[in-house]
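Overview (structure and organization)
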Amino acid sequence: LYSKVLLALLIACGANAQLNMSFVGQLDYDSEFNGARGDCSDIWGYVSPSGHEYAVVGNQNGTSIVDITTDPTNPTEVFFSPGATTIWRDMKVYGTTAYITNEGG
């Protein structure tokens, strides 16, 4: 009996892995850019000193900066930096600088 209860609790916890998160909106790269950005590989967040929030998104062909504060239900790409075509792009933000790397050079 205890093992069944424990199993049920573990399954219930796994089903709610996104605790304290709500889906608000999304940017569909395939339809928005006709597939020109390629697949997305990683994402990181940045909050400007004024409190404006951005998503830094690694794409197959570069890095996309997406405004998620102005209209969270309709995120908008505000900048795209083209780069080497690779399957992986990784980014981190330190202070006000985004560091972006990839395995393609």
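Refer to the preceding data block for the structure.
Residues numbered from 1 in each chain as written. Predicted model: local features only at pLDDT ≥ 70, side-chain atom pairs only at ≥ 80, totals over all residues. Heavy atoms only, no water.

What follows is about the pairing of strand S2 (residues 53–59). In terms of burial, S2 is largely enclosed, as five of its seven residues are buried. As paired elements, strand S1 (residues 40–47) and S2 share seven bridges and run antiparallel to each other. Among the inter-strand pairings, isoleucine 43 is bridged to a residue of S2, identified as valine 57. The loop that links S1 with its antiparallel partner S2 comprises five residues; one of these, glycine 51, has a positive phi angle of about 95°. By the bridge criterion, six bridges tie S2 to strand S3 (residues 62–67) in an arrangement that is antiparallel. Residue pairing in the sheet places valine 56 in a bridge with isoleucine 65 of S3. With antiparallel pairing between neighbouring strands as the criterion, S2 and S3 make up a hairpin whose turn holds two residues. (Buried < 20%, exposed > 50% of the residue type's maximum accessible area, 1.4 Å probe, protein only. Helix = DSSP H or I, 4+ residues; strand = E, 2+ residues; numbered from the N terminus. Pairing = 2+ DSSP bridges.)

A word on the layout of surface pockets. Its volume calculated, the largest pocket comes out at about 360 Å³. Among the residues forming the lining of the largest pocket, the class breakdown is twelve nonpolar, three polar and no charged. (1 Å grid on protein atoms, 1.4 Å probe; cavity = no way out; pocket = protein on both sides within 12 Å on 5 of 7 lines; lining within 4 Å. Points joined across faces, edges and corners; volume = space filled by probe spheres on them. Nonpolar A, V, L, I, M, F, W, Y, C, P; charged D, E, K, R; others polar.)

Inspection of the secondary structure puts serine 64 in strand S3. Residue serine 64 is classed as buried on the basis of its relative accessible area, which comes to 0%. For serine 64, the side chain forms a polar contact with the side chain of tyrosine 29, separated by 2.9 Å. Ignoring sequence-local partners within four residues, the contact set of serine 64 consists of Tyr29, Ala55, Val56, Val57, Asn59, Glu77, Phe79 and Phe80. (Polar contact = N/O pair within 3.5 Å; in protein donor to acceptor, adjacent residues only side chain to side chain. Contact = heavy atoms within 4.5 Å.)

The subject of this paragraph is the packing of aromatic side chains. Overall, the coordinates contain two aromatic pairs when judged by the stated rule. Taking 5.6 Å as the distance between ring centres and 35° as the angle between the ring planes, the aromatic pair formed by tyrosine 29 and phenylalanine 33 counts as tilted. Looking at tyrosine 29, the relative accessible area reads 9%, which means it is buried. A ring pair is formed by tyrosine 46 and tyrosine 54, whose centres lie 6.3 Å apart and whose planes are at 25°; its orientation type is stacked. A relative accessible area of 18% means that tyrosine 46 is categorised as buried. Here tyrosine 54 falls in the partly exposed class, since its relative accessible area comes to 23%. Against the face of phenylalanine 33 rests arginine 37, its NZ or CZ located 4.3 Å from the ring centre. Its end group placed over the ring of phenylalanine 80, arginine 37 keeps NZ or CZ at 3.8 Å from the ring centre. (Phe/Tyr/Trp six-rings, centres within 6.5 Å; stacked < 30°, edge-to-face > 60°. Lys NZ or Arg CZ within 6 Å of the ring centre and 35° of its normal.)

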